[in-house]
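Spelled out, the chains give:
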Amino acid sequence: MQWKELKARLLAVGTVSMSGEPAEQYIARSAAGPGAGGEGAVFFAMGSHRVRLALDPLSPLEIAHRGNGAADLYFEGNLIPGRLLEHGFHCPDQASITVTGNCIFRCRYCSVPKVGGRRKSISEIMEMVESVRHRIHALSITSGVQESIEEEETYVLDVVKHLRFFNLPIGVSIYPTEKTPDLLKELGVCEVKFNLEAATPALFTEMCPGLDYDQLWEALDRSVGLFGRNHVFSNVIIGIGETDAELDACIRKLTAHGVIPVLRPLNPVAGLSGMPRPTAERLNTIFALHEQALEEAGLDTREALTMCTNCTGCDLVPGRDE
Ligand code: SF4
């Protein structure tokens, strides 16, 4: 089975149980996004490819850790040898840090508000990065919204100012004000991700009450001019009620604007816990649409230096998952 097909089927399950040798050093605990506050996750790699799977003792998938990261994946009667990746906070190769682990908004697919984490101090963040500096190539920063969008932006900018000390590429994904792209650019940030989350404005309004779809588009357009093509990204979730045609239209609009879509299979938690994960067949269909749209727009995911398009753990990424 080819990697892309295998990954689609693994992402459709989304979880794995662990057996064998202790694997604590390979378990990433997430403070951001839909997986926040869960049991943790592991990254299973084959060659240069990888997939992130959330830990669940009841999962139909199993990884047996043989020691020192060597691991066998048991999947539909097959044994697939690979390895577990160490992470540099949340994802391998990057220190991916959630500055503020709580949020005043209530996006329906997100468990951050329920987890109710806290804001990290700048010295704490610097120590975190220092502790993994030897095994990372980039810094990725995201955040909830503790008091207001403007106040969060000010704090994240301060964090970024300090992180320049490490002289690594920095990617930032926060909910933007109209000034955010320019302010991040001035600080030397190299990539940004502003997440549309939903394929249509109507779905966005339903999923993210109180947030503004148009403002995201304005920030994306401004960012392409500042950061360049291949360095601006936007997450869109697959499986929150959109049709393939709606998703295709959203993908094509993003790529036509010079933005690389990050197409994230729904992890059904929080307000969407009753919804099914997208099937492998649908993920393959969307991959083909995504691949074609990127190609026609002349966008290349291999140029990404930071965040999810560089990591590839949670999504099928044309150009990288081949
Ligand atoms: S793809 Fe993105 S969300 Fe998933 S592990 Fe990598 S950086 Fe984190």
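Let me sum up the structure you'll find in this document.

Analysis parameters
Residues numbered from 1 in each chain as written. Predicted model: local features only at pLDDT ≥ 70, side-chain atom pairs only at ≥ 80, totals over all residues. Heavy atoms only, no water. Helix = DSSP H or I, 4+ residues; strand = E, 2+ residues; numbered from the N terminus. Buried < 20%, exposed > 50% of the residue type's maximum accessible area, 1.4 Å probe, protein only. Polar contact = N/O pair within 3.5 Å; in protein donor to acceptor, adjacent residues only side chain to side chain. Contact = heavy atoms within 4.5 Å. Pairing = 2+ DSSP bridges.

### Digging into the side chain of T180
Within the secondary structure, T180 is located in helix α5 (residues 180-186). Judged by relative accessible area, T180 falls into the buried class, the value being 1%. A distance of 2.7 Å separates a polar side-chain atom of T180 from the backbone nitrogen of T177. Once you skip the residues sitting within four places of it in the chain, T180 turns out to touch E153, I174 and F194.

### Brief notes about the pairing of strand β5 (residues 70-75)
Note that strand β4 (residues 62-67) and β5 share five bridges and pair antiparallel. Bridge pairing links G67 to A70 in β5. Counting the residues between successive antiparallel strands, the hairpin from β4 to β5 contains two residues, one of them, N68, with a positive phi of roughly 55°. With six bridges connecting them, β5 and strand β6 (residues 78-84) associate as antiparallel partners. Bridging from a neighbouring strand, D72 pairs with P81 of β6. Hairpin geometry of β5 and β6 is characterised by an intervening segment of two residues between the two adjacent antiparallel strands and by a positive phi of about 50° at E76.

### Looking at the environment of L196
Counting through the fold element by element, L196 comes out in the loop between β11 (191-193) and α6 (201-207). For the pair L196 and S234, spaced 38 residues apart in the sequence, the C-alpha separation amounts to 6.1 Å. Those residues in contact with L196, other than ones at most four positions away along the chain, are F204, Y213, L216, W217, L220, S234, N235, V236, C250 and L254.

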